[in-house]
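Reading the structure
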Amino acid sequence: MSSQSISLKTKFSYGIGALGKDFACAPIYIFLMYYFTDIAGISAAFVGTIFLAARIIDAITDPMMGMVVDNTRSRFGKFRPWIIIGTVINAVVLIGLFSTHLFEGTALYVYAAAAYILWGLTYTIMDIPYWSMIPALSSSRPEREKLVVWPRLFASLAWFITGTYGLYIITTLGDGNEGKGFQIAAILIAIFFIFSALITAKNVKEHINVSAQTTSKFTIKDVLKIINCNDQLKVLIATVLAFQMANMLVGGFAIYYFTYALGNKELFPAYMMVAGIAEVVGVFLFPRLANVIPRKLLWIIACTMPIISCAILLGMNIFVPGNLLLIGLSGAAIKFGVGIANALQTVMLSDVVDYGEFKTGRRSESIIFSIQTMLVKFAGAFGGFIVGVGLSLIGYQANQAQAADTLLGIQWLMIGLPAALMLISAIVYKRYYHLHDGFNPADFKQSPPVITNQKPFSTTV
């Protein structure tokens, strides 16, 4: 097999890895706020605050983990050892996180904060090397685009199952006790998570040899320079952060929106089911869309679909509250756009890796892909912070009928704010991003700065 082509076995095994890891993270982003507030009994404002505090820590630790991976040399490569190590540790922490409801009083708050921060740190160990492998599997952009479909499809499947059937599974496993159900579900997920990582580590191996320049050690100063010199990385950070914050806000508020604003909790799994199917379709169609639609328009389309989704919900609220058809259309619109964006942003990051090598003279897949992990967690944290603080500001009371102003506030936070963030993402992308068709050195005339005089470094795993 040439270094350009990627086998079906590799694609499938890589996808299985995404299935396991997204089964492990989807409950965090979909249900953790609900679990903390309505089951463990923690105040929404405190939950939002620890979500944000954990991401401030990640701003330091995620690039550092990327540096560790890029500095790793072992007979298993630099990615796979950390995928296994991170998965095992994070699986244990996941079980501990969904055991928070067993604590009370001050211990409850301390344990919740510590467990969530530790979850973020250990998820980083696995997630960064997982996504960082893509540029090392093929240097061909079309092959990367075909590969990206597999993990994104499997990841979307994990989110679809979690969002659609999660509450039912949790209630069933706990025999009506949701706290017990969350804990048992976490144990089952942890087992499958480890199994999926073993499949990925066994069958997915890098084929692009690192250049002589990448055999030297990355320092923290190098990491800062790599990020600072890569203007397209900074644009991508702003673009993706705004988009994913909007996406996480919708996901975070949805259960409150359907339970309280529309007064029917059963609408939540229906919404998530249609949304999940649409996301899978968006990811599946991405390579075909990329072949017929200019790439500079794809991100704009991805941002436009969620705005349409918000407009549909707004119209439904005004004219036909609780209309199942419009709820389904709204879910389909936003997640179809999310499916396109999730696949596209990974390809864009691979291009940014190539561009960064041109700008700095050093290839740093894991450092740059650590930004993707950090962005997803930051988006979830900022979204969770806004959900938590927002619910407190509008007077939300868990497991009670809400005041009229509170219901209006939930609707605004579910509809208006995400639409504004999507618009910001589209504007930033259209104005400042330039790697629409991949990286071509001929398009950039300036001489790249090169980081030199680094000492050899080897990490044995």
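Given the structure is predicted, the values throughout are model-derived calculations rather than measurements. (Residues numbered from 1 in each chain as written. Predicted model: local features only at pLDDT ≥ 70, side-chain atom pairs only at ≥ 80, totals over all residues. Heavy atoms only, no water.)

1. Structural notes on the environment of Pro 27
Rules: Here a strand is any run of E in DSSP of at least two residues, a helix any run of H or I of at least four, and the numbering for each starts at the N terminus. We call two residues in contact when some of their heavy atoms are within 4.5 Å.
Checked against the element boundaries, Pro 27 lands in helix α1 (residues 8-39). The spatial distance from the C-alpha of Pro 27 to the C-alpha of Asp 351 is 30 Å, given a sequence separation of 324 residues. If sequence neighbours within four positions are ignored, Pro 27 has contacts with Asp 22, Leu 32, Phe 98, Thr 162 and Ile 189.

2. Considerations on the packing of helix α11 (residues 295-319) against helix α12 (residues 324-360)
What counts here: Here, axes are lines fitted to C-alpha atoms. For helices the fit covers the stretch in contact, and angles between N-to-C directions go from 0 to 180 degrees. Oblique is the label for any angle not covered by the other classes, which are roughly parallel (under 35 degrees), roughly antiparallel (over 145) and roughly perpendicular (65 to 115). By the definition used in this description, the sense in which the near helix is turned from the far one sets the handedness, with an anticlockwise turn below a right angle giving left-handed and a clockwise turn giving right-handed. Residues were grouped as follows: Ala, Val, Leu, Ile, Met, Phe, Trp, Tyr, Cys and Pro as nonpolar; Asp, Glu, Lys and Arg as charged; and all remaining residues, including Gly, as polar.
Their axes nearest at 8 Å, the elements α11 and α12 cross at an angle of 160°. What the angle tells us is that α11 and α12 run roughly antiparallel. Two packed elements cross with a definite hand, and for α11 against α12 that hand is left-handed. Its residues assigned to classes, the contact of α11 with α12 comprises 18 nonpolar, five polar and no charged.

3. Considering the environment of Val 387
Examined against the element boundaries, Val 387 turns out to sit in helix α13 (residues 365-393). C-alpha separation for the pair Val 387 and Val 250, spaced 137 residues apart in sequence, amounts to 9.6 Å. Setting aside chain neighbours within four positions, we find Val 387 in contact with Met 33, Leu 249, Gly 252, Phe 253 and Tyr 256.

4. A short note on the state of the cysteines
Stated precisely, the cut-off is as follows: By convention in this document, the label disulfide applies to cysteine sulfur atom pairs within 2.5 Å. For every residue, the accessible area (1.4 Å probe, protein chains only) is compared with the maximum for its type, and the residue is labelled buried under 20%, exposed over 50%, or partly exposed between those bounds.
The tally for this structure, following the rule as stated, stands at zero disulfides. The structure places no disulfide on Cys 303, whose sulfur is separated from the nearest cysteine sulfur, that of Cys 310, by 12 Å. In this structure Cys 303 comes out as buried when scored by relative accessible area, which is 1%.

5. Considerations on the nonpolar core
This is how the line gets drawn: By convention a nonpolar core is built from buried Ala, Val, Leu, Ile, Met, Phe, Trp, Tyr and Cys residues, the set being connected through side-chain atoms within 4.5 Å.
Phe 36, Trp 119 and Tyr 257 are the most contacted members of the largest nonpolar core, which has 140 residues in total. By residue number, the principal contributor to this core is helix α9 (residues 231-261), which donates 18 residues. In contact with Trp 119, other than residues within four places in its own chain, are Ala 24, Cys 25, Ile 28, Tyr 29, Asn 90, Val 93, Leu 94 and Leu 97.

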